[in-house]
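Next come the chains, spelled out residue by residue.
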Amino acid sequence: MGSQYPQSVRVYLPLWALTWEVAFILLFLFFTSYDTGPLDGRNLQRYHAVFQDVAVMGALGLGFFTSSLRRFGWSSVAFNLFMLALGVQWAVLLEGFLEKSFTVTGKILIKLSSIHQAAMSAMCVLISVGAFLGKANLLQLTLTTVVEVTAFEAVKTAFRHIFNMNQHESMMYIHVFAAYFGLTVAWCFSKSLPKGKEGKDQTATSSSLFAMLGSLFLWMFWPSFNSALLGSLDGRRKAVLNTYYALAVSAVTAISVSALARPQRRINMTHIHNAMLAGGVAVGTTCHVISSPWLAMILGLLAGLISIGGVKCLPVCLNRVLEIHDTCGLHYTFGLPGLLSGITSIMLKMYHVSWTNSPMIGYVALTEIGVLSLAMAGGLLSGLLTGLILKLKICKAHHVTKYFDDQAFWEFPHLAVGY
Amino acid sequence: MRFKFPLMAIGLEVAIIILFFFYVEYETDQTTNQQLNRTNATGADRSMELYPLFQDVHVMIFVGFGFLMTFLKKYGFSSVGINLLIAALGLQWGTLVQGLLHSHGHTVHVGINSMINADFSTATVLISFGAVLGKTSPIQMLIMAIIEITVFAGNEYLVAEQFKASDVGASMTIHAFGAYFGLTVAGVLYRPRLKNGHENEESVYHSDLFAMIGTLFLWVFWPSFNSAIAGTTEGQVRAIVNTYFSLAACVLTAYAFSSLVDPRGRLDMVHIQNATLAGGVAVGTCADMKIHPYGSMIIGSVAGLVSVIGFKFLTPFFASRLRIQDTCGVHNLHGLPGLVGGLAGIVAVALGASDKSTTAMQAAAVGSSIGTALVGGLITGLILKIPILGQPSDEQCYDDSVYWEVPRWREHDRHFHEPIIHKQLEPEL
């Protein structure tokens, strides 16, 4: 059994985490200051509400969303919090360095809005970790967080400077980026579980309920996520309403189609986790321009169908052909609906252009396709890079028999056997 | 238990209603303006702007603190249930006592602000509840809530009105006070027969996940807790930003040190549940001062470190040498980080981050918080020792079934405790 013991990360993990923390403190010391601009009570209330909702989604929602594995609940929730804390600090710095005001003053102004924006960027790590959850240790996740946040910021900067997109539009490609990042890393990890250990990546009643807690928090607060970065009041209102209706439709679709898809006409909890959120993802890029609820509802319906359809049909292809083991069904919750969202955005833009100026239509279509493929390519490439880094010896990767097992990472004082 | 508890609870409730009849009124636009003109002039509708902050604090008190204590395998009902009971009683009593102290015995005008302050006052009891969790009866908790909130209100009045010390997130007046109060009570109520632990004083896999719900709610809403009573909008923004970065930094150091103190580099769930919050406690006193984000990150890192070290080394020492059985480890989550917060406040004032207070007054605030907590805790502990209050016997500690109807079939027992044979507690020789 000796070789199968998880390698101790005793020295490496503290070393890495503390090094990062010290680096952050130093960077914050030299480059940040408070925003001294005027902020009246009403504005504060608005920013604070968004800030709080994003924090709830990141820490609680995404934490428990991935906790459906029966032996991996502790790690899902706790690693999520660690990555959020690390990712936010790094993202605040990166986004600050890329701001225009930094080149002028040499200082990053810390505002409430810069924190919630950074938290949203950090959420790409929390999303993509769903694909290889249970296979990576905390040391590997630290590296993943840093690489992925950097890559995502790079992609966002490209969007904003090359394609002239605003904060909201560039942020909404987070789902496509994170999903393909996660899948690529999972591909690098791919190894089938040894005999006798197959049951570990299954769910159980109580852990499914914990996952439902996370899903419900995500579901409730998704309208805040989609409207957080919009400037105009009208855009925010549309975004909230469209997301709300799309989510409602996708939840209904998820539950009804899930019953239809199973042989005994029973509802599958895992499908519900995956598909109830698809609507919110699918309206992401277009939620501020869709002008009537029925469009959003159709998008929600399509997203729910695609998500459930994906769960039914794609695992065969992904598992057997590509040997990707997608732990939490990330591809169906975020990947496919994210693509749908990108395609909708292309179609809506073309539709708008075709009314006004027809020679531009080809150009617009090309740009939009370029945006979507850049998001995907960015995810795939940085995912590949991360996957290769994680395979290095210094990461202390644990043995395949210890996948999906909390015991490798946690001290269990009283229940060493048969938890 | 059958008659004593209902009679006591209803009696208290009737008494509070009568006192409310005589002393409490709603605030009107006129009274709000009068109050605000005293502190700062921002207009009457500022009161309603606090409502979202109040809501966040409310979530922390009832969901956050409630679930944080559900880690014991057979004590989840009591943790959440008694938490609700004492918080609901405490906020009424807190409104009354704090209001009367601040209005010098005249009619109290309640608004959103007093709701926030009342929730704060219950937090002290909930922290102390953590120290004695599993070893007390609901009746004892009612008595403790009444006494502790009274003492807290006195200390808070002293700190805020006499010393005029700055303590916006209440590191000293709530966290350090609540922790040392609870520890003193736990010390007075020491049970020698539980010296070697109790078979129920442990967690199971899912009870720890429930506790994690509490942790995450507290983590997410802590910025609201620290900024709720900041006077100005500017101060509020600073409090939110500082608390957020302190918490983020604290998470990193807590994980790092939790891994470092284990021989095989594994994490400990107890540390993760508690030490990740220490940053919020520690930054409380100076949250609205101009300490810069890096300052709050340093405070958070230190708090995470102190908290993990406390859990690993101090709690066993307390239990064995000082005869204090601290069930939830409140000393490490609230006591030590609260002291760190008090010291940070002194240093920050000395460095000129705030001109509202002086170093001496900050130090006096730390001293008076700890002092009143120890004295109040001692008196309360002696009162709670009176043997008619329905204390559970040593065998019945950490068990819901003494005070609750529990479902006969417990999933956890069957799945998780096959190897453990039912042991009887043996009396100490």
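Because the structure is a prediction, the values reported are computed rather than measured.

1. Some remarks on the overall build of chain A
- Of the regular secondary structure elements, chain A holds 15 helices and three strands.
- A compact globule built from 419 residues should have a C-alpha radius of gyration of about 22 Å, and chain A, at 21 Å, falls within 12% of that.
- Considering only C-alpha atoms, chain A reaches an extent of 70 × 60 × 40 Å along its principal axes.
- The buried share among the 419 residues of chain A stands at 61%.
- At a minimum sequence separation of 6, the contacts of chain A that also span at least 24 residues come to 82%.
- Within the structure as shown, chain A displays about 16600 Å² of accessible surface, and the carbon and sulfur contribution to it stands at 67%.
- For chain A, the separation between the mean place of its 28 positive charges and that of its 18 negative charges on side chains is 7 Å.

2. A few points about the confidence of the model for chain B
Residues and elements named next belong to chain B.
- Here chain B averages 87 in pLDDT, and 91% of its residues register 70 or above.
- Predicted confidence in chain B is weakest over helix H16 (residues 411–416), with a mean pLDDT of 47, and strongest over helix H12 (residues 278–282), with 94.
- For the stretch residues 37–43, pLDDT sits under 50, and the model shows four contacts to residues farther than four places along the chain or on other chains.
- A low-confidence stretch, residues 413–429 stays under pLDDT 50, and its non-local contacts, those more than four residues away or across chains, total 25 contacts.
- Here the predicted complex scores 0.92 on pTM and 0.92 on ipTM.

3. Some words on the packing of helix H8 (residues 171–188) of chain B against helix H15 (residues 359–384) of chain B
Residues and elements named next belong to chain B.
- Remark: H8 packs on H15, axes separated minimally by 7 Å, with the N-to-C direction vectors making an angle of 30°. The pairing of H8 with H15 is recorded here as roughly parallel in orientation. Between H8 and H15 the crossing geometry is right-handed.
- For the contact of H8 with H15, the class distribution of residues is 15 nonpolar, nine polar and no charged.

4. Quick notes on unusual backbone geometry
All names here are of chain B.
- Even without a glycine there, the phi angle at lysine 164 is positive, about 50°.
- Residue position: lysine 164 is located in the loop between helix H7 (138–162) and H8.
- Here histidine 292, not a glycine, exhibits a phi torsion of approximately 65°, which is positive.
- Look at histidine 292 and you get partly exposed, because its relative accessible area is 32%.

5. Describing the interface of chain B and chain A
- In this complex, chain B contributes 67 residues to the contact, which on the side of chain A involves 69 residues.
- Carbon and sulfur atoms make up 73% of the surface buried where chain B meets chain A, a total of about 6000 Å² over both sides.
- Three residues, B:Tyr205, B:Tyr244 and B:Leu252, lead the burial of chain B against chain A; their summed loss comes to 13% of the area buried on that side.
- At the boundary of chain B with chain A, the tally comes to zero salt bridges.
- Linking chain B with chain A are 15 residue pairs in polar contact (both at pLDDT 80 or more), by the criterion used here.
- Of all the secondary-structure elements, those providing two or more residues to the side of chain B that touches chain A are helix H3 (46–49), helix H4 (51–68), helix H9 (205–227), helix H10 (233–260), strand S3 (267–268), helix H11 (269–275), helix H13 (292–320) and H16 of chain B.
- Residue contributions to the side of chain B that touches chain A peak at 19 residues, all from H10(B).
- Class assignment of the residues belonging to the side of chain B that touches chain A gives a composition of 41 nonpolar, 13 polar and 13 charged.
- Across two bridges, strand S3 (residues 410–411) of chain A lies against S3(B) in parallel orientation. Across the sheet, the residue bridging to A:Trp410 is B:Leu267, located in S3(B).

Each value, and the rule that gives it
- Residues numbered from 1 in each chain as written.
- Chains lettered and ligands numbered in written order.
- Predicted model: local features only at pLDDT ≥ 70, side-chain atom pairs only at ≥ 80, totals over all residues.
- Heavy atoms only, no water.
- Helix = DSSP H or I, 4+ residues; strand = E, 2+ residues; numbered from the N terminus.
- Rg over C-alpha atoms; globule rule 2.2 N^0.38 Å.
- Buried < 20%, exposed > 50% of the residue type's maximum accessible area, 1.4 Å probe, protein only.
- Contact = heavy atoms within 4.5 Å.
- Areas by Shrake-Rupley, 256 points an atom, 1.4 Å probe, with all protein chains shown as cover.
- Lys, Arg positive; Asp, Glu negative; His and termini not counted.
- Charge placed at Lys NZ, Arg CZ, Asp CG, Glu CD.
- pLDDT = per-residue confidence, 0-100.
- Axes fitted to C-alpha atoms, helices over the stretch in contact; angles between N-to-C directions.
- Parallel < 35°, antiparallel > 145°, perpendicular 65-115°, else oblique.
- Left-handed = near helix turned anticlockwise from the far one by under 90°.
- Nonpolar A, V, L, I, M, F, W, Y, C, P; charged D, E, K, R; others polar.
- Buried area = accessible area lost by both parts, 1.4 Å probe.
- Salt bridge = Lys/Arg side-chain N within 4 Å of Asp/Glu carboxyl O.
- Polar contact = N/O pair within 3.5 Å; in protein donor to acceptor, adjacent residues only side chain to side chain.
- Pairing = 2+ DSSP bridges.

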